[in-house]
Amino acid sequence: MTTLKFKTNINCGGCIKSVTPNLDNVVGHANWKVDTDNPDKILTIETEQVSSEKIIQAVQKAGFKIEEVN
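Residues numbered from 1 in each chain as written. Predicted model: local features only at pLDDT ≥ 70, side-chain atom pairs only at ≥ 80, totals over all residues. Heavy atoms only, no water.

1. Let's talk about the overall build of the protein
Inference 1: What the protein contains, in helices and strands, is two helices and four strands.
Inference 2: Listing the helices and strands of the protein from first to last along the sequence gives β-α-β-β-α-β.
Inference 3: Relative to its length of 70 residues, the protein is compact, with a C-alpha radius of gyration of 11 Å against a globular reference of 11 Å.
Inference 4: Overall, the C-alpha framework of the protein stretches about 25 × 25 × 20 Å when taken along its three principal axes.
Inference 5: Within the protein, buried positions represent 34% of all 70 residues. (Helix = DSSP H or I, 4+ residues; strand = E, 2+ residues; numbered from the N terminus. Rg over C-alpha atoms; globule rule 2.2 N^0.38 Å. Buried < 20%, exposed > 50% of the residue type's maximum accessible area, 1.4 Å probe, protein only.)

Encoded structure:
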């Protein structure tokens, strides 16, 4: 399992609700979370197969900004 982290502007429950269908579709329901308490709103993904590009596309499709952090 690989852990990927992204800085986003997903900052509240409503934002999470908006992005949930897209992320669930790409990485699965239990494989992601957003730390809205972190100033950088870190999205953490646990995956074996999904590329960063697909995750970025899914989040952007929901209307949010996202960039991978190392």
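After presenting the structure, the write-up continues.
2. Some details on the sheet that holds strand β1 (residues 2-8)
Inference 1: Overall, antiparallel pairing links the four strands, which are arranged β2-β3-β1-β4 in an open sheet. Of all strands in the sheet, those with a lone pairing partner are β2 (32-35) and β4 (66-69), marking the two edges. Strand-to-strand twist of the sheet, defined as the mean angle between neighbouring strand axes without regard to direction, takes the value 30 degrees.
Inference 2: Docked against the sheet, helix α1 (residues 13-27) engages β2 and β3 (42-47), running at close to 150 degrees with respect to β2. (Pairing = 2+ DSSP bridges. Axes fitted to C-alpha atoms, helices over the stretch in contact; angles between N-to-C directions. Contact = heavy atoms within 4.5 Å.)

3. Here we look at unusual backbone geometry
Note: most peptide bonds trans; most residues except glycine with negative phi.
Inference 1: Not every positive phi belongs to a glycine, and Lys41 is a case in point at roughly 50 degrees.
Inference 2: Positionally, Lys41 belongs in the loop between β2 and β3.

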